[in-house]
Amino acid sequence: MKLTQVCKDKEINHFINKCINRKNKHIGVFSNLLLKEDLHSPRALEPEVVKSTISPFSDKLMLFHSGFLIAAAISYYGSAIVTSIRADITFHCEKAIFDDLLLYGVFGKLLIKKKWLEQPPFADDRKLVSETGKRNQGSF
């Protein structure tokens, strides 16, 4: 079962599709590195997908899980950068981290928009405070 075939919310479905496309892009890059060295790349799990359209999970859980996997990927790429001595691998890992950080920002904004996460606190606008004496929390 793919999450996109059971997700009911269009925005979350669009986000999950972006995650899948990003993942496929990264898998392609790193698989090509392996193939250039005459090594095997891991097999895809697409044949394991079933055709069900009944979701066993809530859209909220699917979104949180997608965000967790992005954060885990960022962590793994960071570990790969530190442990790799090959410049080409570190370059691709840095690029993957940057791509995933952009996607993770979209994840956070989507959580706030759906009211599943509180908006983080902002610093006061110092100009406004000095002029009016009132505190302002800014806007997101």
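Residues numbered from 1 in each chain as written. Predicted model: local features only at pLDDT ≥ 70, side-chain atom pairs only at ≥ 80, totals over all residues. Heavy atoms only, no water.

This next bit is on the overall build of the protein. A tally of regular secondary structure across the protein gives five helices and zero strands. Along the protein, helices (α) and strands (β) appear in the sequence α-α-α-α-α when read from the amino end. Within the protein, the fraction of its 140 residues that count as buried is 24%. (Helix = DSSP H or I, 4+ residues; strand = E, 2+ residues; numbered from the N terminus. Buried < 20%, exposed > 50% of the residue type's maximum accessible area, 1.4 Å probe, protein only.)

On to the pattern of salt bridges, then. What the rule picks out here adds up to seven salt bridges. The partner of Glu11 in a salt bridge is Lys114, and the shortest N-O contact between them spans 3.1 Å. One end of the pair, Glu11, is in helix 2 (residues 10-36); the other, Lys114, is in the loop between helix 4 (87-113) and helix 5 (126-132), with 103 residues separating them in the sequence. With a closest N to O distance of 3.0 Å, Lys25 and Asp99 form a salt bridge. With Lys25 in helix 2 and Asp99 in helix 4, the pair connects residues that are 74 residues apart, well separated along the chain. On the basis of relative accessible area, Lys25 is assigned to the partly exposed category, the value being 39%. (Salt bridge = Lys/Arg side-chain N within 4 Å of Asp/Glu carboxyl O.)

Position of Leu3 among the secondary structure elements: in helix 1 (residues 3-6). For the pair Leu3 and Ile16, spaced 13 residues apart in sequence, the C-alpha separation works out to 7.5 Å. Sequence-distant contacts of Leu3, defined by excluding residues within four places in its chain, comprise Ile16, Met62 and Ser66. (Contact = heavy atoms within 4.5 Å.)

Quick look at the UniProt feature "transmembrane region" (unreviewed entry) in the protein now. The residues that UniProt annotates with the feature "transmembrane region" (unreviewed entry) are residues 61-78. Each end of residues 61-78 is marked by a C-alpha atom, and these two atoms are 26 Å apart; helix forms 100% of the span and strand 0%. (UniProt positions renumbered as here; feature names shortened; annotations may be inferred.)

Below, the discussion takes up the packing of helix 3 (residues 59-83) against helix 4. As a packed pair, helix 3 and helix 4 sit with axes 9 Å apart at the nearest point and diverge in direction by 155 degrees. For the element pair helix 3 / helix 4, the angle class is roughly antiparallel. As for how helix 3 packs across helix 4, the hand of that crossing is left-handed. In this structure, helix 3 contributes Leu63, Phe64, Gly67, Ile70, Ala71, Ala73, Ile74, Tyr77, Gly78, Ala80 and Ile81 to the contact, and helix 4 contributes Thr90, Cys93, Glu94, Ala96, Ile97, Asp100, Leu101, Leu103, Tyr104, Phe107, Leu110 and Leu111. Grouping the constituent residues of the contact of helix 3 with helix 4 by class yields 18 nonpolar, three polar and two charged. (Axes fitted to C-alpha atoms, helices over the stretch in contact; angles between N-to-C directions. Parallel < 35°, antiparallel > 145°, perpendicular 65-115°, else oblique. Left-handed = near helix turned anticlockwise from the far one by under 90°. Nonpolar A, V, L, I, M, F, W, Y, C, P; charged D, E, K, R; others polar.)

Glancing now at helix 4. Over its 27 residues, helix 4 extends 39 Å from the first C-alpha to the last, a length consistent with the 39 Å expected when each residue adds 1.5 Å. Three or more residues of helix 4 are buried, namely Thr90, Cys93, Ala96, Ile97, Asp99, Asp100, Leu103, Phe107, Leu110, Leu111 and Ile112. The elements touched by buried residues of helix 4 are helix 2 and helix 3. (Expected span 1.5 Å × (residues − 1).)

Moving on to the packing of aromatic side chains. Scanning the model with the defined rule gives four aromatic pairs in all. Look at Phe30 and Tyr77: their rings are 5.7 Å apart centre to centre, the planes differ by 20 degrees, and that puts the pair in the stacked class. Of this pair, Phe30 sits in helix 2 while Tyr77 sits in helix 3; the two residues are 47 residues apart in sequence, bridging distant segments of the chain. Tyr77 gets classed as buried once you look at its relative accessible area, which sits at 15%. The rings of Phe15, Phe64, Tyr104 and Phe107 are connected pair by pair, giving a single aromatic cluster. (Phe/Tyr/Trp six-rings, centres within 6.5 Å; stacked < 30°, edge-to-face > 60°.)

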